[in-house]
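# Notes for the structure review
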Amino acid sequence: MRRDVKIRDMSRPDREPLTHVDNANLMPLPAPLETTAKDHAWTPLSARVKQQYETGLDDTCAVSVPQAKTPEEEKALVAKFLSGLDKLFTRENNWTFLEPLILTMEHCTRCQTCAESCHLYEASGHNELYRPIFRSEILRRLYFKHVKHGGFLSAWQHGEIELNWPMVARLIELSYRCNLCRRCAQTCPIGADNGLVTHELRKLFSQEMGIAPKEIHERGSMLQLKVGSSTGMTPEVVKDNIAFIDEDISARSGITVRTPWDVEGADVLLIHNAGEIMAWPENPGSFALLLTMAGVSWTMSSELAAYDSINYGVWYDDAQFARVALKHAEAARKLKVKKIVIGECGHAHKALSVIADRLLAGDLAIPRESSLVLLRDIVMSGKIRFDASRNQFPVTLHDPCNEVRLMGIVEPQREIVRLLCPQFREMEPHGVDNYCCGGGSGFAIMSGHNFPDWRFHVAGRKKLQQVLNAFADCIGPETPKYLCAPCSNCKGQLRDLLAYYDLWEQNRILYGGLAELIVNAAVDVKPGSLEWEWH
Amino acid sequence: MTIAAYLGIYLGFAIFVCASVYRAVQYARLPVHLRWDLYPVPHEEARRAAYGGSYFETTNWWTRPQKPNRIGELSVMVPEITFLKALWEFNRKLWYASYLFHGGLYITFGCAVLLILRALLAGASVHSPVFDITCRALGWVAVITTIAGSLALLWRRVRDPQLKNYTHRADLFNLIFFAMTYAVLGISFLTRPADASSTAAFVRGLLTFDTSVRVSAVLACGLLLASALLAYIPFTHMTHFIAKYFTYHTVRWDDRATVPGSDVAAKVQGYLAYKPTWSAPHVAADGKKTWAEIVTTNPPQEVRK
């Protein structure tokens, strides 16, 4: 394995990957995955993929950038990159994040304090390519050379860099080797932010060069803006699906549930990640049941994009981000609701509550609240009776970065699980010091080529270690265990991760949302609503 | 020599102040960005700040006034500024070297303030043995710790592969510059002539432009180096003492909820009139449309029509 990657290697004209990730070098995992032999071999990229796409970074390919065919094409792409780089540092084009970006560019001392906080760097066995400042240092050198037009003195002060197409192509891929969890920024004594650098690079590639992974752009934000949801569900289809979910939860709980649609003047507009409706219907079903039982005045909206809380733009594109955020707020305004409540979806929480906050002016400034807060209030209100003994199994809680580190919602979900789950145990570390599940920033939905291999071996490894440690005292298959992840993307990643390592079949570790745990403990609901089945 | 030393210090100090202020003003004038909170935010209510919680945990949070907990903020800022707490917590190995270095600079600053106070309040002619001994002791501590810190950091930069790979020639130069300046100042004190003016007399002379004060060639050299160093700092990443205000207060900890009609809302309305030129087709920016127009269009649906 090549471990001495240098920044200058990024400009190497050959198309050989700069590094190979070897299972033997990865961070060790606890039982039952304590030996390398229990790990999976990586699926190598096919010759066709290597020939068709830029794959000169590492063992995988996330973005599928077509190879440039001629030197002229390469030159044009580099020129485009440079024009985007320039725009990234102008207020007209990037007022949205200019200040934190410039501060990070001009003040990182390269002290490496951030390195050990990064789960990717640690899990990869300290692979240089995944060091948080490796990517930032490239942008920093490009900034001083091409934006500030630094000459010899600048190179002496800020370092040399050679810009060519191989460098840009590798940088595109490298901008998709970071979960944007910002754990590194949390530890930086200066306040520099490598996560932000990744975010801004992705924006440059998308907004100027039109380059982004299909899963988050074409089949993500574009599809959502076109038909209403990245799942492809139109308003008619989503209503049908919800009606089916209502029927199902009514039958299973013994309580009649009917999701209200487009109710003007309701107190709450609930927006789920539509992925829940498709992949985990028990979650929106549980919400509908709990809101019905608690007598909350609520509605869902069938307006375009307003029945899908996802906002993938938050990971890679300001224009797409703002468009979707406005659609969410417009739907709330139209229905004259008192507040928007965001379902169990981390990035949707952060996008609409925090990042869109300064964009939603005037009558679009509808208050936004986390569903974790609403669920906590319902549980504590006394309107529903609970029997914690129904949740008599080990439960641990995953902290979605977007809800916790990036919004400070730490306790509401804990108040619930402490009350309703007698065998609750924390992962270490947890709360704002948590680790990303490895699916953050779009990775959970990116499965092109062999990217899942990287996602499980590297990105999800630290979380996997935490989960196994949390259940170390009951890791055997005789004890069913519940990994609670109140975030749709995290659940997607954890589902794939647990399946990859066969941890449901072999060790009975199930994953799921928070609302399902609450329903399972509700006395007036038929016992056994939580299905111990893999899905 | 005396005049050269005075002029060097005036110039170095003036450049330092002007360039630092200019840099701070440049940052302050940057557009208000979209929120980019990072928790823990210490000015949250003390109970919540303890575990990194925020007002988002409260039901109908927008109905309650945001009251920043300044004590909480200070309880994080003071240890960070004074003891470089984040480095202590997350990079202990580097903290020892870094704190020697920064501690030396803090002591230098303290010593300079004391000397100026003395010159302003009492006059150099007033004999104050306790004060002189304190200043001398502090001066030596500053010289020794700063040189030790610079050399320790230099060693780390050269020997530690983690740091070495990301060290630029300027980083080495900066540390050598510090070590050399303090070394020359230390030597000038050790080799000062018997009839040399006291440090207090020099500071008073500096403040009153008294050219009768005698400055040795070595001291003049040290002072000129220090002046050059002072003038150089604002042009490097070493202005992180300025940057930290912004990275902490206007980025990580800026959790102000936007209130319609507020100053922030008005500024953002202004930015929405900017005309971006991003050229990817889906953005649909042509240099004529404003941000507001761009984000209220829906290109995928327009294509569909």
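Residues numbered from 1 in each chain as written. Chains lettered and ligands numbered in written order. Predicted model: local features only at pLDDT ≥ 70, side-chain atom pairs only at ≥ 80, totals over all residues.

Scanning chain A for helices and strands turns up 24 helices and 8 strands. The C-alpha atoms of chain A give a radius of gyration of 23 Å, which matches the 24 Å a tight globule of 535 residues would have. Expressed as lengths along the three principal axes of its C-alpha atoms, the size of chain A is roughly 75 × 55 × 45 Å. The burial tally for chain A puts 63% of its 535 residues in the buried class. Partitioning the contacts of chain A with sequence separation of at least 6, the portion at a separation of at least 24 is 79%. (Helix = DSSP H or I, 4+ residues; strand = E, 2+ residues; numbered from the N terminus. Rg over C-alpha atoms; globule rule 2.2 N^0.38 Å. Buried ≥ 20, exposed ≤ 12 C-beta atoms within 10 Å, placed from the backbone. Contact = placed C-beta atoms within 7 Å.)

The next subject is the overall build of chain B. Each helix and strand in chain B was counted, giving 14 helices and 0 strands. In sequence order, chain B lays out its α and β elements as α-α-α-α-α-α-α-α-α-α-α-α-α-α. In terms of C-alpha radius of gyration, chain B reaches 26 Å, well past the compact-globule figure of 19 Å for 305 residues. Here the C-alpha coordinates of chain B stretch approximately 90 × 45 × 45 Å along the principal axes. Put simply, chain B has 305 residues, and 34% of those count as buried. Across chain B, the fraction of contacts at a sequence separation of at least 24, relative to all contacts at a separation of at least 6, is 65%.

A few words now on the domain arrangement of chain B. What the domain assignment lists for chain B is domain 1 (2-30 + 84-235) and domain 2 (272-304). Between the C-alpha centres of domain 1 of chain B and domain 2 of chain B the distance comes to 52 Å. (Domains from an automatic or database assignment.)

Residues and elements named next belong to chain B. Between helix 5 (residues 92-121) and helix 9 (residues 199-208), whose axes approach to 9 Å, the crossing angle comes to 70°. In this view, helix 5 runs roughly perpendicular relative to helix 9, as classed from their interaxial angle. Between helix 5, through Leu 115, Ile 116, Arg 118 and Ala 119, and helix 9, the contact on the second element is made entirely by Thr 199, Ala 200, Val 203, Arg 204 and Leu 207. Residue composition of the contact of helix 5 with helix 9, by class: 6 nonpolar, 1 polar and 2 charged. (Axes fitted to C-alpha atoms, helices over the stretch in contact; angles between N-to-C directions. Parallel < 35°, antiparallel > 145°, perpendicular 65-115°, else oblique. Nonpolar A, V, L, I, M, F, W, Y, C, P; charged D, E, K, R; others polar.)

Another point: the environment of Gly 110 of chain B. All names here are of chain B. Among the secondary structure elements, Gly 110 is positioned in helix 5. Using a count of 14 C-beta atoms within 10 Å as the deciding quantity, one classes Gly 110 as partly exposed. As for Gly 110 and Arg 23, which are separated by 87 residues in sequence, their C-alpha atoms are 24 Å apart.

On average, chain B scores 93 in pLDDT, and the residues at 70 or more come to 97%. Among the prediction metrics, the complex's ipTM stands at 0.96, with pTM recorded as 0.96. (pLDDT = per-residue confidence, 0-100.)

So, about the environment of Ile 445 of chain A. Residues and elements named next belong to chain A. Assignment of secondary structure puts Ile 445 in the loop between strand 6 (424-425) and helix 20 (451-459). Each C-alpha atom of the pair Ile 445 and Asp 433 lies 24 Å from the other, and the pair is 12 residues apart in sequence. Excluding its chain neighbours within four sequence positions, the residues that come into contact with Ile 445 are Glu 215, Ile 216 and Gly 492.

Counting residues at the interface gives 70 residues for chain B, matched by 72 residues for chain A. When residues of the side of chain B that touches chain A are traced back to their parent elements, those giving at least two are helix 4 (85-90), helix 7 (161-164), helix 8 (169-190), helix 11 (240-252), helix 12 (263-271), helix 13 (291-295) and helix 14 (299-304) of chain B. Residue contributions to the side of chain B that touches chain A peak at 9 residues, all from helix 11 of chain B. Classifying every residue of the side of chain B that touches chain A by side-chain character gives 40 nonpolar, 21 polar and 9 charged.

This paragraph deals with the domain arrangement of chain A. Residues and elements named next belong to chain A. The domain boundaries assigned to chain A delineate domain 1 (7-208), domain 2 (218-376) and domain 3 (386-521). Taking only C-alpha atoms into account, the centre of domain 2 sits 22 Å from that of domain 3. Taken together, the 25 residues of domain 2 in the interface contact 26 residues of domain 3. When residues of the side of domain 2 that touches domain 3 are traced back to their parent elements, those giving at least two are helix 13 (274-279), helix 14 (282-294), helix 17 (346-355) and helix 18 (371-381). Here the side of domain 2 that touches domain 3 is built from residues that sort into 11 nonpolar, 9 polar and 5 charged.

In this section: the sheet that holds strand 7 (residues 481-484) of chain A. Residues and elements named next belong to chain A. One open sheet accounts for 4 strands, arranged 6-5-7-8; its pairing is parallel. The open sheet terminates on both sides in strands that have one partner only, identified here as strand 6 and strand 8 (509-512). Bridge analysis of strand 7 against strand 8 gives 4 bridges, and the strand direction is parallel. The residue of strand 8 that forms the bridge with Lys 481 is Ile 509. Contacting strand 7 and strand 8, helix 22 (residues 488-500) runs over the sheet at an angle of about 165° to strand 8. (Pairing = 2+ DSSP bridges.)

Buried together is how nonpolar side chains tend to be arranged in soluble globular proteins. All names here are of chain A. Judged by nonpolar contacts, the single largest core of 199 residues is most densely connected at Leu 269, Ala 325, Leu 375 and Ile 518. With 10 residues, helix 16 (residues 318-335) is the largest single contributor of residues to this core. Those residues in contact with Leu 269 that sit more than four places away from it in its chain are Thr 299, Ser 301, Ala 331, Ala 332, Leu 335, Val 337, Ile 340 and Val 341. (Core = buried A, V, L, I, M, F, W, Y, C linked by C-beta atoms within 7 Å.)

With that settled, the discussion passes to the sheet that holds strand 3 (residues 339-342) of chain A. Residue and element names in this part refer to chain A. With parallel pairing, 4 strands are arranged side by side in an open sheet as 2-1-3-4. Since the sheet does not close on itself, it has two edges, and those belong to strand 2 (298-299) and strand 4 (368-370), each with one partner. Here strand 1 (residues 268-271) runs beside strand 3; their pairing, made up of 4 bridges, is parallel. Following the sheet pairing, Leu 269 is matched in strand 3 by Ile 340. Set on the sheet, helix 16 makes contact with strand 1, strand 2 and strand 3; between it and strand 1 the angle comes to about 150°.

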